[in-house]
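Chain residues, written in single-letter form:
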Amino acid sequence: MLFPEYRPRRMRRTEALRRMIRETALSPDDFILPLFAVEGKDVRNPIPSMPGHFQQSIDHLLTCVQDAADQSIPAVILFGLPDKKDPLGTRAYAKDGIVQKAVRAVKERFPEMVVITDVCLCQYTDHGHCGVLDGREIDNDGSLDLLARTALSHAQAGADMVAPSDMMDGRVAEIRALLDDNSFSQIPIMAYSAKYCSAFYGPFREAADSAPQFGDRRTYQMDPANAQEAIREATMDVEEGADIIMVKPALPYLDIISRLREEIDLPLAAYNVSGEFSMIKAAAQMGWVDEERVMMESLTAIKRAGADMILTYFAVEAARLLNR
Ligand code: PBG
């Protein structure tokens, strides 16, 4: 098909024609809204680098879940800021921990909402690493039991799905086994399989107060230069029992999303992380880009690359536009 017989512009002439050949459609069903829970009542601390997002006590958090439900968003993912931190991150797997309480409150008010929990130790350890320490090294195998106990405590509180983000080797199998032993074989695991060591998490670490106190996360999160390794990581997680695999961040890693879509036959999630959100917000505040259009174009690109679901701080705003 060559010009002038074929003219691609013919099918772009009107909006109705463009709609007919559009290959990717976003829907509120695609979105998962991340929320940050803190102890206390009537707490609503704005996160400066993430306009519209807050560290909030459960009473206010419920309002955000209501906003998500009003826009037909099917799921939220909860992060917690504990009242105290220690070397073993004990508040991560405490029955009365902040996430456990938030899960109970959300499920009581919104039984239909899918409540996912982030499973990691970094918000709960005083050193800020995602596993426990052995000297100044992160102890992989010594962290597995604590991560599994965290996931179990979330399931016991009523979570519908657990999402390990720590990047320790073998954590999916350990979590699957402990859940199954405790009659939670129906609870799916969304594995942060290809989680890169990314500077795009900067605003989140402020939001979740989870920056490492020494060193960085390069010994457990993936090197941004690697793509083949993402396939190995995802394949391992599938073999260990993951139900959904995730790529994180999203926009700088669209090639990884697209490759995993080809290679792995499981639902695929992408995390449109804090830095991706903050950059758009900041440029829009400067008047340098059209926020709505850049937001929708970014989310469409993530879905076009192959993601079945998108964890995004834009969830409510984008769903509102789609529902208009
Ligand atoms: C915790 C965790 C992080 C994010 C999700 N879970 C931060 C990190 O690994 O440092 C990042 C989310 C975001 O930037 O939006 N391990």
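Going by the structure above, here's the rest.
Notes on the structure follow. Each chain has its residues counted from 1, running along the sequence as written. This being a predicted model, a pLDDT of at least 70 is required before a residue's local features are given, and a value of 80 or more before pairs of side-chain atoms are given or counted; all residues contribute to the totals for chains, interfaces and linings. In computing side-chain values, all of the structure's heavy atoms are included and hydrogens and water are not.

As for the site of the ligand
Lys195, Arg205, Lys248, Ser274 and Tyr313 are the nearest of the 18 residues found near the ligand. Within the contact set of the ligand, a nitrogen atom lies 3.5 Å away from a side-chain nitrogen or oxygen of aspartate 118. Any pair of N or O atoms that falls within 3.5 Å is considered a polar contact. Within protein, one atom must be able to donate a hydrogen and the other to accept it, and sequence-neighbouring residues count only if both atoms are side-chain atoms. Between the ligand and arginine 217 there is a distance of 3.1 Å, counted from an oxygen atom to a side-chain nitrogen or oxygen. Polar here means any residue other than Ala, Val, Leu, Ile, Met, Phe, Trp, Tyr, Cys and Pro, which are nonpolar, and Asp, Glu, Lys and Arg, which are charged; Gly is therefore polar. Of the residues in the shell around the ligand, the class split is 9 nonpolar, 4 polar and 5 charged. In this text, near means that some heavy atom of the residue lies within 4 Å of the molecule or strand in question.

A few points about helix H5 (residues 171–181)
Turning to H5, its buried residues number three or more, namely Arg171, Val172, Ile175, Arg176 and Leu179. Buried residues of H5, seen end-on, are gathered within an arc of 130 degrees and therefore sit on one face of the element. Between two residues, a contact is recorded if the distance between any of their heavy atoms is within 4.5 Å. Going along the chain from the N terminus, every DSSP run of H or I of four or more residues is numbered as a helix, and every run of E of two or more is numbered as a strand. Taken together, the buried residues of H5 touch strand S5 (114–119), helix H4 (140–157), strand S8 (161–164), strand S9 (190–195) and helix H7 (228–240). Two residues or fewer after H5 comes serine 183, characterised by a positive phi angle close to 65 degrees. Remark: exposure states derive from per-residue accessible area (1.4 Å probe, protein chains only) relative to the maximum for the residue type, with buried under 20%, exposed over 50%, and partly exposed in between. The directions from the helix axis to the C-beta atoms are what the arc is built from.

Looking at a nonpolar patch on the surface
A contiguous nonpolar surface patch, about 300 Å² in accessible area, is contributed by Met11, Met20 and Ile21. The residue isoleucine 21 is located in helix H1 (residues 15–21) in this model. Its relative accessible area of 43% is what places isoleucine 21 among the partly exposed residues. Two distance rules govern patches: like charges are joined within 9 Å, and nonpolar side chains (Val, Leu, Ile, Met, Phe, Trp, Tyr) within 5 Å, applied only to residues with over 30% relative accessible area and no salt bridge. All accessibility values rest on the Shrake-Rupley procedure with a 1.4 Å probe; residue burial counts only the protein chains present in the view. Throughout this description, the term salt bridge denotes a Lys or Arg side-chain nitrogen within 4 Å of a carboxyl oxygen of Asp or Glu.

Quick notes on unusual backbone geometry
Residues apart from glycine generally show negative phi values, whereas peptide bonds are mostly found in trans. Of the consecutive residues phenylalanine 3 and proline 4, the connecting peptide bond is found in the cis state with omega at 10 degrees. By secondary structure assignment, the location of proline 4 is in the segment before H1. In this structure, the amide linkage connecting lysine 248 to the following residue, proline 249, adopts the cis form with an omega of -10 degrees. Mapped onto the secondary structure, proline 249 falls in the loop between strand S10 (244–248) and helix H8 (254–263). Residue serine 183 is not a glycine yet carries a positive backbone phi of 65 degrees. Checked against the element boundaries, serine 183 lands in the loop between H5 and S9. Classification of serine 183 by relative accessible area gives exposed; the value is 60%.

Brief notes about the pattern of salt bridges
Under the criterion given, the structure shown has 17 salt bridges. For glutamate 39, the salt bridge identified is with lysine 101, shortest N-O distance 2.7 Å. Of this pair, glutamate 39 sits in the loop between strand S1 (31–38) and strand S2 (44–46) while lysine 101 sits in helix H3 (residues 98–109); the two residues are 62 residues apart in sequence, bridging distant segments of the chain. A relative accessible area of 24% places glutamate 39 in the partly exposed class.

Some thoughts on the pairing of strand S11 (residues 268–272)
With 5 of its 5 residues buried, S11 lies for the most part within the structure. The alternating pattern of S11 places Leu268, Ala270 and Asn272 on one face and Ala269 and Tyr271 on the opposite face, and all of these are buried. Pairs of strands are assigned from DSSP output, requiring at least two bridges between the strands. By the bridge criterion, 3 bridges tie S10 to S11 in an arrangement that is parallel. Bridge pairing in S11 places isoleucine 245 opposite leucine 268. Of the strand pairs in this sheet, S11 and strand S12 (residues 309–312) are connected by 4 bridges, and their pairing is parallel. Looking at S12, one finds that alanine 270 is bridged to isoleucine 310.

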